[in-house]
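# A structural walkthrough
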Amino acid sequence: MQRRSFLSLTAAAAGVSALSALPVRAQTAPNAARAASPGGVLTVEATTDNDGRPMYSVHRQGRTVVEASKLGFLLTDAPALERGLRLTATQPVAFDETWEQPWGERRLIRNHYNEFRVTYAETGGLARRFDVVFRLYDDGLGFRYEFPEQPGLTTARIGSELTEFNLAENGEALWCPAWEWNREEYLYNRTPIDAVANAQTPMTVKSRSGLHVSIHEAACVDYAGMNLRRSEGTKFRAQLTPGLTNAAVVRTLPFNTPWRTLQIADTGAGLIESGLILNLNEPNKLGDVSWFKPMKYVGVWWEMHLELKSWNSGPKHGATTENAIKHIDFAAKHGFGGVLVEGWNKGWDGQWFANGSDFSFTEAYPDFDIEAVCAHARSKGVQLIGHHETGGNAFVYEPQLEAAMALYERLGVHSVKTGYVADAGGARVAGPDGKVAMTWHESQAMAQHHMKVVEVAARHKVAVNAHEPFKDTGLRRTYPNIISREGQRGMEYSAWGNPGNPPEHESNLVFTRLLAGPMDYTPGIFGMETRSPGGVQTTWAKQLALYVVIYSPIQMAADLLVNYETNPGPFQFIKDVPVDWEETRVLAAELGDHVVIARKERGGDVWALGAITDEHPRVLTAALSFLDPGRTYRAEIYRDGPDADYRGKRESIVIEQKTVTSADVLTLALAPGGGQAIRFVPTGRGRRGQ
Ligand code: NOJ
Ligand code: CA
């Protein structure tokens, strides 16, 4: 009955009342299956064409968003799985849960979708098959391929994935290039959709009629990362990261691919508020992770990027016992939870980023007494944040992982920043033959490597913040010890200058990279020191706003300590701003231009607001209706001074207080490259002024 038949959705069929509102179309081709999201906002149709090629399309409120797009695979040792397929489908099943994050941008996330499974089976030959499982949400969808065990295919050697995203409408795309030497760290392009070349994901577009769509992936486990190649017009094709052989992915059946995701919303705010990527990941597999606490940290770090200190040993060595203790004492005095110390371990001498195979992850340089430093930190209620730079040499790191994480556990170090500095294609892993093989940062081999690191770290109660990482696909839901990562140009580019991150960079991140998950961006730079001109291109007020706009359960106060000691006024916001949130509301958002986000602290009543703009000055308004009605708040405002400008008076900041209620609307005047940060502290119940 279901075979080759249109799948009509009724409450009776699915056995759930939530489905009764789904629209049911009268006519559809016989070789099609269709289902809608819980509120009927999105509809997906899976079909085959006349050649038996598998296709899907996406529709939203009567408009087509994704035109018929191909599905399938090219295999390296067997005929392609791309045509001669017959479709059957299951009835949709509704799912609705609300789950709790251990920490996050909001505590509770609703996971509400309708799922249906389409089986594509070869009508002749090897009679191979794969399923495509669609999960439809009102704010987007995910679909993944599932390969059940079968006689005609035991190991899939995937050369290419044929998945297409054939966007129905042209418009503007925000994207950064894929396959270039600097991996994920590129400035964004803003071009017509039909002028995109090879793009990383998330790639976000705003169609001419105003629809916002972001293409990405979720739950990438033991698979190659996906980039997008525009094949023609506004049609994109999945482009898998190359593997160690001519296959990008080698998997024994049964297995599932990552989810291919489309977040779809009327506004940029809708994309930012979506929980789609996390929802498509499996629930927490680690259980109690209360050994990690969200925190802010300082570090022996910016001074290295300014070349005032060095990672390597010698007269400029930054990671000395004395310097670490100075930072620990500062952290304890000002309420920071952690101190990052880079360059503590042997292996940095010489050209570490070209060589890097000398790294030891257990032996400290003689001028760094790791036992004494950690004992001092513990006595002050501060944690050392571990550091494992590998230079991309996963094959050097893996044999040391167990001992390295055990050392941190013994010393009370519950998080580590890892690093994979190597050019694209220049990471190194142990290949299947035991020999060292070059690989890409988002290859299947590196997906396996990162999973190994996360699992060993979790066993030793260590959380991981990877730089030069594999992209974020929401795995922090399953493995909450994946706390943050880099994966785009961070603040360090501004230390180097020439060019630093331009003023629109953070506004671009919000609508792309940050949709994937937390970023260790390392804001908080007041100092004027940079290595060459064109350094930090934001005002001070914007540096503060970034603590609210960019979500991460670890946030660095990245500047030199002296710049905080000499600027206690603005530093106060960095000390006060929470890092863990009960709730997040996006008050205003325009793709790549500006954003205003309000977040409520978890376990308290304080709200914080961050507003940022690009190079253009703007006057925005923020209705404070998110505050508790009937309550008064002290708004601690950090705003751009009248002459603030990222090209000149970065430091011009006005710090003032106002009494406000949920009925107030604030006017936010942002300077070029500027921003505004506000902390709302409840002062009592009743009318203003009481
Ligand atoms: C690149 C990282 O992004 C940076 O934060 C770190 O300091 C260096 N690698 C050295 O590990
Ligand atoms: Ca980096």
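Structure report, in brief. (Residues numbered from 1 in each chain as written. Chains lettered and ligands numbered in written order. Predicted model: local features only at pLDDT ≥ 70, side-chain atom pairs only at ≥ 80, totals over all residues. Heavy atoms only, no water.)

### Focus: the coordination of the calcium ion (ligand 2)
For a metal with four donors in a tetrahedral arrangement, the ideal angle between donors is 109.5 degrees, while six donors in an octahedron ideally sit at 90 or 180 degrees. Stated formally: In this listing, donors mean N, O and S atoms no farther than 2.8 Å from the metal, or 3.2 Å for Na, K and Ca; water is missing from the atoms, so a site can look incomplete. Here a site with four donors is tetrahedral if all angles are between 85 and 135 degrees, and a site with four or six donors is square planar or octahedral if opposite donors are over 155 degrees apart and the other angles are between 65 and 115; anything else gets the irregular label. Each helix corresponds to a stretch of at least 4 residues labelled H or I by DSSP, and each strand to a stretch of at least 2 residues labelled E; elements are numbered beginning at the N terminus. The classification of residues rests on relative accessible area computed with a 1.4 Å probe and restricted to protein chains. Under 20% of the type maximum is buried, over 50% is exposed, and intermediate values are partly exposed.
Looking at the metal site, the calcium ion (ligand 2) is ligated by Glu 185 (OE), Glu 468 (OE), Glu 486 (OE), Glu 486 (OE) and Glu 492 (OE), spaced 2.3 to 3.0 Å from it. If you look at the calcium ion (ligand 2), its 6 donor atoms make angles of 51 to 154 degrees with each other, and the shape they trace is irregular. Mapped onto the sequence, the residues coordinating the calcium ion (ligand 2) show the spacing E-x282-E-x17-E-x5-E. You can see Glu 185 sitting in the loop between strand 13 (171–175) and strand 14 (189–192) and its partner Glu 468 sitting in the loop between strand 29 (463–466) and strand 30 (482–485), a full 283 residues away along the chain. Just as Glu 185 is buried, Glu 468 falls in that class too.

### What to know about the site of ligand 1
Quick note on the threshold: Neighbouring residues are identified by heavy atoms, a residue being near a molecule or strand if any of them is within 4 Å of it. Polar contacts here mean pairs of N or O atoms no more than 3.5 Å apart (in protein, one a potential hydrogen donor and the other a potential acceptor; neighbouring residues in sequence count only if both atoms are side-chain atoms). Ten residues, namely Ala, Val, Leu, Ile, Met, Phe, Trp, Tyr, Cys and Pro, are considered nonpolar, four, namely Asp, Glu, Lys and Arg, are considered charged, and the remaining ones, Gly among them, are considered polar.
Neighbouring ligand 1 are 13 residues, the closest being His 305, Glu 342, Glu 389, Lys 417 and His 467. Side-chain polar atom of Trp 301 to an oxygen atom of ligand 1: 2.9 Å apart, as the coordinates give it. Within the contact set of ligand 1, an oxygen atom lies 2.9 Å away from a side-chain nitrogen or oxygen of Glu 492. Class assignment of the residues belonging to the shell around ligand 1 gives a composition of 4 nonpolar, 3 polar and 6 charged.

### Some words on the environment of Asp 369
Summarising the element assignment, Asp 369 is placed in the loop between strand 24 (338–341) and helix 6 (370–379). Along the sequence, Asp 369 and Lys 435 sit 66 residues apart, while their C-alpha atoms lie 35 Å from each other. Looking at Asp 369, its side chain comes within polar contact range of the main-chain nitrogen of Ala 372, at 3.1 Å.

### Thoughts on the packing of aromatic side chains
Here is the rule: Pairing of aromatic side chains requires ring centres within 6.5 Å, counting the rings of Phe and Tyr and the six-membered ring of Trp. Pairs whose planes differ by under 30 degrees are stacked, by over 60 edge-to-face, and all others tilted.
Under the definition given, this model contains 38 aromatic pairs. Ring geometry for Phe 130 versus Tyr 145: centroids 5.6 Å apart, planes at 65 degrees, classification edge-to-face. Of the two residues, Phe 130 is situated in strand 9 (residues 129–137) and Tyr 145 in strand 10 (residues 140–147); the sequence distance between them amounts to 15 residues. Accessibility classification places Phe 130 together with Tyr 145 in one group, the buried group. With 6.3 Å between their ring centres and 45 degrees between their planes, Trp 344 and Phe 368 make a pair best called tilted.

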